[in-house]
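# Tertiary structure, described
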Amino acid sequence: MTQELEQGTPETAAAPPSPAVPSPARAAFLTRLDVAKHDAGVAETDFRREAALRIEQLAAARAHAWRRADLMAALVAAVDGTEDAEMGVAAGQALLRTRLGWTSDSDARTEVLTRFAAVALALSEADADGDPDAALAAFEDWYLQTRQSPFWYLFEHYLSDTPLVDY
């Protein structure tokens, strides 16, 4: 029997110690820590969401700035190679058609090309009294207002080559 007491009875050896109920002050302390850890998690999640949105906005602004600069550099080169403003406008519209892969006309495309003519004209007349900055800003604003998206989104759509099929 002495051995049984030393080893303990099966009931006393298997029973885990019962958790002590903390005092109200300690329970309140633990509750405050739980609230703080929850709040920290929410704050981190909110910040990550806001940061991801801001990164997306900055990436779009960068892409638009590069597209704008690239297209305008090509437009300047196209306009510089023309004899007069009318030819400059035609060259600018042809450039835009080519850059966007527009091989056919539609009312919407014709409207964009007509409005874009003001940008090409302002570049053609930049040495006189043309204001290409204002013309480009007006075109971009018009496009945004009428299409509910920036003009530069047009350049994000990859146009794959259409295979030729003989029948």
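Below is a summary of the structure that appears in this document. (Residues numbered from 1 in each chain as written. Predicted model: local features only at pLDDT ≥ 70, side-chain atom pairs only at ≥ 80, totals over all residues. Heavy atoms only, no water.)

Once that is clear, we can look at the overall build of the chain. Along its length, the chain carries 6 helices and 0 strands. Beginning at the N terminus, the succession of helices and strands in the chain can be written as α-α-α-α-α-α. Relative to its full complement of 167 residues, the chain shows a buried share of 19%. If you sum the accessible surface of the chain, you get close to 12,600 Å²; carbon and sulfur atoms cover 58% of it. (Helix = DSSP H or I, 4+ residues; strand = E, 2+ residues; numbered from the N terminus. Buried < 20%, exposed > 50% of the residue type's maximum accessible area, 1.4 Å probe, protein only. Areas by Shrake-Rupley, 256 points an atom, 1.4 Å probe, with all protein chains shown as cover.)

What follows is about the pattern of salt bridges. On inspection of all chains with the given rule, the structure shows 8 salt bridges. Residues Arg49 and Asp46 are paired through a salt bridge, measuring 2.6 Å at the closest nitrogen-oxygen approach. Residue Arg49 and its partner Asp46 are both found in helix H3 (residues 24-80); the two are separated by 3 residues, about one turn of the helix. (Salt bridge = Lys/Arg side-chain N within 4 Å of Asp/Glu carboxyl O.)

Counted according to the given criterion, the structure contains 9 aromatic pairs. Centre to centre, the rings of Phe139 and Trp142 are 5.9 Å apart; their planes meet at 35°, and the pair counts as tilted. Here the residue Phe139 and the residue Trp142 both occupy positions in helix H6 (residues 132-147), the gap between them amounting to 3 residues, near one helical turn. Neither residue differs from the other here; Phe139 and Trp142 are each classed as buried. (Phe/Tyr/Trp six-rings, centres within 6.5 Å; stacked < 30°, edge-to-face > 60°.)

Relative placement of two packed helices is described by the angle separating their axes and the distance separating the axes. Where H3 contacts helix H4 (residues 85-100), the two axes come as close as 9 Å, and the packing angle between them is 140°. In terms of axis orientation, H3 runs oblique to H4. Judged by the twist between their axes, the crossing of H3 over H4 is right-handed. Side by side, H3 and H4 meet where Asp70, Leu71, Ala74, Leu75, Ala78 and Val79 of the first sit next to Gly88, Ala91, Gly92, Leu95, Leu96 and Arg99 of the second. Here the residues of the contact of H3 with H4 are counted per class, giving 8 nonpolar, 2 polar and 2 charged. (Axes fitted to C-alpha atoms, helices over the stretch in contact; angles between N-to-C directions. Parallel < 35°, antiparallel > 145°, perpendicular 65-115°, else oblique. Left-handed = near helix turned anticlockwise from the far one by under 90°. Contact = heavy atoms within 4.5 Å. Nonpolar A, V, L, I, M, F, W, Y, C, P; charged D, E, K, R; others polar.)

This part takes up helix H5 (residues 107-124). Since the α-helix turns once every 3.6 residues, residues separated by three or four places project in the same direction. Between its first and last C-alpha atoms H5 spans 26 Å; for 18 residues at 1.5 Å apiece the expected length is 26 Å, and the two agree. Its buried side turned inward, H5 meets H3, H4 and H6. (Expected span 1.5 Å × (residues − 1).)

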